[in-house]
Amino acid sequence: MEVDVRSILSLAAARKDGEAFFETLSSTAIRTLFFVVPVSMLFIVFRAQFVRIILGSGQFNWEDTILTFEALKWFSISLFAQSLIPLFARGFFALKNTRTPLYIALSSEVVHIALLPVLIPSYGVSALAMAFSIGSIMNCILLYVFLKRESSVWREREFTVRVGKILLATLFAGLFFGLRPLLVSYGAALGWHALAFAGWSSGWLPLRVVGAVANGAATGAHWLESAIGFALSCGAIVVLVGFLIRRLVLHHDEVAETAAALAREQQMRAQAELSRL
């Protein structure tokens, strides 16, 4: 797909078709963000679980886990930038401009290196990931700004609205998965167990019965909530994977059709020029 997108960008730039250039670049960026941004939020919210499952054994203690998942958090924040930088750089290459991406990459790397002695005394190992993420995000933003100036057509409002929808949906999902255990599971269980403790600590039989029922209800509600959350998560994953596969297949077909149409048009123009000669 990257080869197809690169060829379409090159053909659109050669034909000076700013509309096709913008549509191809923006649609590819949106599809990339649609997949990368939720994955970044997933890594941020469940970073401790991922690190403990993958690395939590042997001499890898809890302090090592904290250092690793803090670094993973900062790396995940810039995952969208790391995904868009190659795409924006290909846009410049299609426009036959290789100097601007080089200068932007050099300036971002200078900022990356300059931040290390500033952040390391305060943040330690996490400063390495923080400086890298700041440099990557700076690189992505500068590429976007200068590519917008280079392109003859750029509907910024349309692009930012689509990106904003992805960011807003991901933010709500991250808040739900991050705060759900604290607000739902632990809050409800605490209330039920407090009622159960009050019942058993008193000498009145009816209140003890209420306490026993509350204790059983708390345990059952916890398991029910876990089962429902697991089922919803599995269903959401299945729907998301199916949607991504369908979108990728449709996108590949659209890219192939557009590339074939542009190639036919180029061939017809070449034949017309040869006939004139």
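Right, let's walk through the structure included here. (Residues numbered from 1 in each chain as written. Predicted model: local features only at pLDDT ≥ 70, side-chain atom pairs only at ≥ 80, totals over all residues. Heavy atoms only, no water.)

### Quick look at the overall build of the protein chain
- The helix and strand tally for the protein chain stands at nine helices and zero strands.
- Helices and strands in the protein chain line up, N terminus first, as α-α-α-α-α-α-α-α-α.
- Looking at the protein chain residue by residue over its 277 residues, the buried ones come to 28%.
- Across the protein chain, the fraction of contacts at a sequence separation of at least 24, relative to all contacts at a separation of at least 6, is 70%.
- Summing over all exposed atoms, the protein chain offers an accessible surface of approximately 17200 Å²; the carbon and sulfur share of this is 71%. (Helix = DSSP H or I, 4+ residues; strand = E, 2+ residues; numbered from the N terminus. Buried < 20%, exposed > 50% of the residue type's maximum accessible area, 1.4 Å probe, protein only. Contact = heavy atoms within 4.5 Å. Areas by Shrake-Rupley, 256 points an atom, 1.4 Å probe, with all protein chains shown as cover.)

### Considerations on the nonpolar core
- By size, the foremost hydrophobic cluster in this structure holds 27 residues, and its most contacted members are Phe21, Leu25, Leu84, Phe88, Leu147 and Phe159.
- Among the secondary structure elements, those contributing two or more residues to this core are helix H1 (2-14), helix H2 (18-45), helix H5 (79-94), helix H7 (126-150) and helix H8 (156-201).
- Setting aside chain neighbours within four positions, we find Phe88 in contact with Cys140, Leu143, Tyr144 and Leu147. (Core = buried A, V, L, I, M, F, W, Y, C linked by side-chain atoms within 4.5 Å.)

### Let's talk about the pattern of salt bridges
- Across all of its chains, the model carries eight salt bridges by this definition.
- Between Arg155 and Glu19 there is a salt bridge whose closest N-O contact spans 2.6 Å. Remark: Glu19 occurs in helix H2 and Arg155 occurs in the loop between H7 and H8; sequence separation between them is 136 residues.
- Its relative accessible area of 27% is what places Arg155 among the partly exposed residues.
- The shortest N-O distance in the salt bridge between Arg162 and Glu158 comes to 3.9 Å. Here Arg162 and its partner Glu158 are both found in helix H8, four residues apart, which amounts to about one turn of the helix.
- The class of Arg162 is partly exposed, set by a relative accessible area of 31%. (Salt bridge = Lys/Arg side-chain N within 4 Å of Asp/Glu carboxyl O.)

### Here's the deal with the packing of helix H4 (residues 62-77) against H5
- H5 packs onto H4 with a crossing angle of 40° between their chain directions and a minimal axis gap of 4 Å. On the basis of the axis angle, H4 is oblique to H5. Along the contact surface, H4 presents Phe75, Ser76 and Ile77, while H5 presents Leu79, Phe80 and Gln82.
- Classifying every residue of the contact of H4 with H5 gives four nonpolar, two polar and no charged. (Axes fitted to C-alpha atoms, helices over the stretch in contact; angles between N-to-C directions. Parallel < 35°, antiparallel > 145°, perpendicular 65-115°, else oblique. Nonpolar A, V, L, I, M, F, W, Y, C, P; charged D, E, K, R; others polar.)

### Things to note about H5
- With 16 residues, H5 ought to run about 22 Å at 1.5 Å a step, and its terminal C-alpha atoms sit 24 Å apart, in line with that.
- Where H5 bends most, the angle comes to about 30°, and this point is Ile85, followed within four residues by the proline Pro86.
- Buried residues of H5: Ala81, Leu84, Ile85, Leu87, Phe88, Ala89, Gly91, Phe92 and Ala94, and no others. (Expected span 1.5 Å × (residues − 1). Bend = angle between axes of the 7 residues up to and from the residue.)

### Let's talk about the packing of aromatic side chains
- Across all of its chains, the model carries seven aromatic pairs by this definition.
- Ring plane angle 80° and centroid distance 5.7 Å describe the contact between Phe43 and Phe50, whose orientation is recorded as edge-to-face.
- Through successive ring pairs, a cluster of aromatic residues spans Phe22, Phe88, Tyr144, Trp154 and Phe159.
- It is Arg149 that lies over the ring of Phe146; its NZ or CZ is 5.3 Å from the centre. (Phe/Tyr/Trp six-rings, centres within 6.5 Å; stacked < 30°, edge-to-face > 60°. Lys NZ or Arg CZ within 6 Å of the ring centre and 35° of its normal.)

### Remarks on the packing of H4 against H7
- The N-to-C vectors of H4 and H7 enclose an angle of 0°; their axes lie 8 Å apart at closest approach. Between H4 and H7, the interaxial angle falls into the category roughly parallel. Taken together, the residues of H7 that come into contact with H4 (itself represented by Glu70, Ala71, Trp74, Phe75 and Ile77) are Ser126, Ala129, Met130, Phe132, Ser133 and Ile137.
- Class assignment for the residues of the contact of H4 with H7 results in eight nonpolar, two polar and one charged.

### Focus on helix H6 (residues 99-123)
- Taking 1.5 Å of rise per residue, 25 residues should cover 36 Å, and H6 covers 35 Å from first to last C-alpha, within 8% of that figure.
- At Pro117, H6 is deflected by roughly 40°, the largest bend along its length.
- Taken residue by residue, H6 has Thr100, Pro101, Ile104, Ser108, His112, Leu116 and Leu119 as its buried positions.
- Where the residues of H6 are buried, they touch H5 and H7.
- Just downstream of H6, Gly124 is the residue with a positive phi angle, here 65°.

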